[in-house]
Amino acid sequence: MKIAVLSGKGGTGKTTVSTNIATVMNWNYVDCDVEEPNGFIFLKPEVKKTEYVKIPVPKIDEEKCIRCNKCADVCQFNALAGTKTGIIFFDKLCHGCGACTMVCPVGAITEEGRKIGKIDIGNTESIKCMRGLLDIGEPMAPPIIKRLKALVDEETTIIDCSPGSSCSVVAAIEGVDVAILVTEATPFGLHDLKIAVELVRQMNIPFGIVLNRADEEHDLITRYCEEEKIALVGKIPYAKKAAVLYSEGKLLIEDEEYNKMFKGIGERILGVKACS
Amino acid sequence: MQLVIISGKGGTGKTTVAASFAYLSENSIKVDCDVDASNLHIILGGDDIEKKPYIGAKLAHIDSDKCIKCGACEKVCRFGAIKDFRIEPLKCEGCGACKVVCPSEAIRLEDEITGDTIITQTKRGLLSRAEMVIGAEGSGKLVTQVRKTAMQHKKEDEWVMMDGTPGIGCAVMASITGCDAALIVVEPTQSGINDFERVHSLTKQFGIKAFVCINKYDINETIVFEIEKLCQREGIEVLGKIPFDPCVKTAVNDFRPIVSYEESKAGKEIINIWNAFKNKYKEEDIK
Ligand code: SF4
Ligand code: SF4
Ligand code: SF4
Ligand code: SF4
C-alpha cells in the first residue's frame, strides 16, 4: 500500500508527519520532495546504495547531419535550435522524449544518458528508506520522482511529496492508495489546502487531513472538514517542545505524548483507506 | 532593481517577509512567483484589474474516428500518458512523439492553458500574480510570464519586489533569473540549514547577490550560530534576525502584513531589514 503525504503549501509539517508516522507504524519511507528532501535528517538511515538518475538526451553526429532542421522543428521544448553551423542543443530544456531521434532522416541522432540527480537507498533499524535528490541547477524533478516510485515495493510505504500542486506532485501521488493532506489553521493554510483537495479529487484518490499546529477547538480547518465531509485524521497541537525537537532534527515520537498521537493518526489513515 | 525573496523550503516565513517588503516599498511593482500557492494577494488585498489565460504547454489529442488502434503511439510515449488509445492529460507532457509515429494522422497537439496571469490593484501598488491550473506542466514558464506581465506594467523608477517559489527546480530558477539580489529567509533548524545550502548554491550558479535573514532565530540559537558561520564563510551578509512573535499568526489571520502592527517585535526587525537593504542599494545606486 502507498500512502502519499502532501500539502498545498510548504512548511506545514509534511515531513514531520511523514517521518514520525513511518517510524511508529513501521512503514517504509520515500522522500519524493526531490528539490528539498529533508526526511533523512530525522530518520538518519544508513545509506547502502546510491543510483544516478539519467534522462535520455540526443547526441548529434555532425558528420552525418544534413542540417535539415527536422529535429529542431519537432522539439516542443525548444531544446534544439538550427543555426548555420549546425544544431545547438540546450540540455536543460530537454525532456528526453525521443521525438528528435525519430524524425531524423539520416540517423544522425543517438541518445545518451544525462544525469539530473540521484537516489539514496538505505534503512533505519526498522524501516527501509529512499530519497531522491535533484542536482542543483536542474529544472526537472518528475523523472527522479518516477524512478523512485518504480523502486517502491509492495510493503506499506509513506511517500513524502513536494509542496504545491504542480507536475511534481502529480508524479508523486499518481497511483497511490490514499493521500494525507497536511495543513495548518490559517487562511493561507485553508486556501492552499483547497487546491490540494481539488487535485486529489481530480485524481480519485481517497484522502484525509492532518491539521498541524492546532491550537483551537473549532478552527477554520475543522469547520471546512465538517462542511466538506472530509476525514480529519489528526490534530497535532502546537507546542514549544515539538519546535525544539524539530529544530534539532529529532523525531517528535521521542516524546511519549506525540508517540501516541502519531500512532493514532497512522491507524486512522488505514481507516480512510478501508472506508473508500 | 529586482529583488526576489526565497527560501529553500516553504513555511520559513518567506511570504511574511515578502508581504512586509511589498507593503513598505510603495514605489515598487509586486510579483508573486509562487504560482502553485499564491498568497500575497490575500494579505495585500485589492481588486483584479486584468486577467489573461496563458498557454504554457501542449497536450496531445487523439481523434478516435481516425485512429486505427495500431498502438504505435502508446509504445513510443515515454511518459506513460497513452493507455487504450486515450491520452491521460495529467501525464502528457505535450512532446509530440506520438504524433510523429501515428500512421493515420489521428493525433494533434493542442495549446493548453496552464494558468491565468492576473494584475491586482492593491493599496500599495500593482501586484502581478497567477493562478496555475492544478497539476499543470511547466510552472516555470508561468512564473516567467508573471514576471513579463509585471515588466509591462512597471513604471520606470519602480523596483520589482518578488515573492519567490520554494524549492530549487524550474519554478525557482524562473523566479531568480536576472534578479539583482535575492533575500534568503532561513529558519534555524537542521532542515532549514540544508535547504539554505541548496538554494544558495543555486543563486551562486546564477550569479545573483544573496542576502540572508534568519526567521524565528530564538528557536535554536546554536543553529543560528552555525548559519552565521556559514554565511561568513560564503561572504553572505546577514541582514537581520527576526524573533519568534505570536503576533505573526494574528497578522496572518487578520490578512495584514506584520509590519503594520506597531507593537510587533518581528515587524520591527523586518522594518530594520528593509531599511538596511534599501540603503545598500541606494548607496550603490542600482536601479
Ligand atoms: S528528446 Fe525531445 S525534448 Fe529532447 S531535444 Fe529531442 S525532441 Fe527535444
Ligand atoms: S534531423 Fe537529423 S539531419 Fe536533420 S538537422 Fe537534425 S540531426 Fe541533422
Ligand atoms: S505528446 Fe508526448 S507525452 Fe503526450 S501522449 Fe504524446 S508522446 Fe506521450
Ligand atoms: S498511433 Fe495513431 S492510429 Fe495508432 S493507436 Fe495511436 S492514435 Fe491510433
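Report follows, based on the coordinates. (Residues numbered from 1 in each chain as written. Chains lettered and ligands numbered in written order. Predicted model: local features only at pLDDT ≥ 70, side-chain atom pairs only at ≥ 80, totals over all residues. Heavy atoms only, no water.)

### Thoughts on the sheet that holds strand S7 (residues 125–132) of chain B
All names here are of chain B. Here we have nine strands laid out as an open sheet, ordered S3-S6-S7-S2-S8-S1-S9-S10-S11, and mixed in their pairing. With partners counted over all chains shown, the strands left at the sheet margins are strand S3 (47–62) and strand S11 (237–242), one partner each. Averaged over all pairs of adjacent strands, the angle between their axes in this sheet comes to 20°, without regard to strand direction. Note that strand S2 (residues 28–32) and strand S8 (residues 159–163) share five bridges and pair parallel. In the sheet register, Ser28 faces S8, and the bridge partner there is Trp159. In the packing of helix H1 (residues 14–24) onto the sheet, the strands contacted are strand S1 (2–6), S2, S8, strand S9 (181–186), strand S10 (209–215) and S11, and the crossing angle to S1 comes to about 155°. The strands that helix H5 (residues 139–153) touches are S1, S2, S3, strand S6 (107–122), S7 and S8; relative to S7, the one it contacts most, it runs at about 160°. (Pairing = 2+ DSSP bridges. Helix = DSSP H or I, 4+ residues; strand = E, 2+ residues; numbered from the N terminus. Axes fitted to C-alpha atoms, helices over the stretch in contact; angles between N-to-C directions. Contact = heavy atoms within 4.5 Å.)

### Notes on H1 of chain B
The element H1 of chain B is largely enclosed, with a buried count of eight among its 11 residues. Within H1 of chain B, the full set of buried residues consists of Lys14, Thr15, Val17, Ala18, Ala19, Ser20, Phe21 and Ala22 of chain B. (Buried < 20%, exposed > 50% of the residue type's maximum accessible area, 1.4 Å probe, protein only.)

### Focus on the pairing of strand S11 (residues 231–237) of chain A
Residues and elements named next belong to chain A. Bridge count for strand S10 (residues 207–214) against S11 is six bridges, and the pairing is parallel. Residue Asn212 lies in a different strand from S11, and its bridge partner there is Ile236. Crossover connection from S10 via helix H8 (residues 220–228) to parallel S11: handedness right-handed. (Right-handed = clockwise from strand over helix to strand, strands pointing away.)

### Focus on the packing of helix H1 (residues 14–25) of chain A against helix H10 (residues 256–275) of chain A
Residue and element names in this part refer to chain A. Running from N to C, H1 and H10 point in directions that differ by 85°, and their axes come no closer than 9 Å. The pairing of H1 with H10 is recorded here as roughly perpendicular in orientation. Side by side, H1 and H10 meet where Thr16, Val17, Asn20, Ile21, Val24 and Met25 of the first sit next to Asn259, Phe262, Lys263, Ile265, Gly266, Glu267, Ile269 and Leu270 of the second. Each residue belonging to the contact of H1 with H10 can be placed in one class, and the counts come to eight nonpolar, four polar and two charged. (Parallel < 35°, antiparallel > 145°, perpendicular 65-115°, else oblique. Nonpolar A, V, L, I, M, F, W, Y, C, P; charged D, E, K, R; others polar.)

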